[in-house]
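Chain and residue survey
Okay, here's what each chain looks like letter by letter:
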Amino acid sequence: MTVATQLKAYLEQQAIDYELVPHRHTDSSSTSASAAHVPSERLAKAVIVEEGDVCLMVVVPSNRHVHLGRLHRHLGREVGLTTESRLVELFPDCDLGAIPPLGAVYGLTTLVDRALLGQPEVYFESGDHEHLVKMRGEQFYALLAEAEKVDVGQPL
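In this convention, every chain numbers its residues from 1, walking through the sequence in written order. Owing to the predicted nature of the model, reporting of local features is limited to residues with pLDDT of at least 70; listing and counting of side-chain atom pairs is limited to 80 or more, with chain, interface and lining totals taken over all residues. Each side-chain value is derived from all of the structure's non-hydrogen atoms; neither hydrogens nor water enter the calculation.

**Some thoughts on the overall build of the protein**
Short version of the rule: Secondary structure elements follow DSSP: runs of H or I of four or more residues count as helices, runs of E of two or more count as strands, with numbering from the N terminus. Two things to know: the radius of gyration comes from C-alpha atoms, and the globule rule equals 2.2 Å times the number of residues to the power 0.38. To sort residues, take the accessible area from a 1.4 Å probe on protein chains only and compare it with the maximum for the residue type: under 20% means buried, over 50% means exposed, and anything in between is partly exposed. Two residues form a contact once any of their heavy atoms are found within 4.5 Å. All accessible-area figures derive from a Shrake-Rupley calculation using a 1.4 Å probe, and residue coverage is judged against the displayed protein chains alone. Under this rule, positive means Lys or Arg and negative means Asp or Glu; His and the chain ends count for nothing. We put the charge of a Lys on NZ, of an Arg on CZ, of an Asp on CG and of a Glu on CD.
Assigned secondary structure in the protein consists of five helices and 10 strands. For a compact globule of 156 residues, the expected C-alpha radius of gyration is about 15 Å, and the protein comes in at 14 Å, within 12% of that figure. By principal-axis analysis of the C-alpha atoms, the protein measures approximately 40 × 30 × 30 Å. Within the protein, the fraction of its 156 residues that count as buried is 52%. Taking all contacts inside the protein whose residues are at least 6 apart in sequence as the whole, residues at least 24 apart take part in 68%. Accessible area of the protein: about 7,400 Å², with a carbon and sulfur share of 48%. Between the averaged position of the 13 positive side-chain charges in the protein and that of its 22 negative side-chain charges there is a distance of 7 Å.

Structural data, given as structure tokens:
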């Protein structure tokens, strides 16, 4: 697959320059960073949470996880991790566990952890388990300009 159909169309529509970085098949963002020889703090991963029918995307570096307690306090309500079946519905053109961290592509409100900001380049899953998208940091941040900046990541 290389690049998810909706992601590719979105990046073309936004006139974003990017490269694909191939790597061996992996099952997590941290192993993708290692396999692609990418600093884990520069690999953005998407975590999907939900409350009832409402889903949110939280973007953190791959060397962090979402601290749900901090997220609950920030939101003023409790949310839980989304089920795999819901992920399949939300991201039909992506392999499970290889979700690009750009909620706008899929109509999701997005929050981005401040720990990810300021990187010279950012990498993220392309929609499959064998390719990362690489782009300049400023382009990635421009794509997330509407995302709320939060402090909800915790080092692994």
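Still to come is the rest of the account.
**What to know about the layout of surface pockets**
Formally: Throughout, the protein atoms alone are placed on a 1 Å grid, and a set of points is a cavity if a 1.4 Å probe fits but cannot get out or a pocket if it is open with protein on both sides within 12 Å along at least five of seven lines; lining residues have an atom within 4 Å of a point. Grid points are joined across faces, edges and corners, and a volume is the space filled by probe spheres set on the points. Under the scheme applied here, ten amino acids are nonpolar (Ala, Val, Leu, Ile, Met, Phe, Trp, Tyr, Cys and Pro), four are charged (Asp, Glu, Lys and Arg), and all others, including Gly, are polar.
Looking at the largest pocket, its volume works out to about 510 Å³. In terms of lining, the largest pocket is formed by 22 residues, of which the most central are Ala46, Val47, Ile48, Leu87 and Gly97. Taken together, the elements giving at least two residues each to the lining of the largest pocket come down to α2 (29-35), β2 (43-51), β4 (64-66) and α4 (84-90). The element that contributes the greatest number of residues to the lining of the largest pocket is β2, accounting for four residues. When its residues are assigned to classes, the lining of the largest pocket shows 11 nonpolar, seven polar and four charged.

**Quick look at the packing of aromatic side chains**
Convention followed: Geometry of aromatic contacts follows a simple scheme: Phe, Tyr and Trp rings, the Trp one being its six-membered ring, pair when their centres are within 6.5 Å, and the pair is stacked under 30 degrees between planes, edge-to-face over 60, tilted otherwise.
Applying the stated rule across the entire model yields three aromatic pairs. Taken together, a centroid distance of 4.8 Å and an interplanar angle of 65° make the contact between Phe91 and Tyr106 edge-to-face. Taken together, the residues Phe91 in the loop between α4 and β6 (109-113) and Tyr106 in the loop between α4 and β6 connect sequence positions 15 residues apart. On the basis of relative accessibility, which here comes to 1%, the residue Phe91 falls in the buried class. Residue Tyr106 is classed as buried on the basis of its relative accessible area of 12%. On the basis of an interplanar angle of 70° and a centroid distance of 5.9 Å, the ring pair of Phe140 and Tyr141 is categorised as edge-to-face. Of the two residues, Phe140 and Tyr141, both sit in the buried class. Site record: aromatic cluster; members linked through ring pairs are Phe124, Phe140 and Tyr141.

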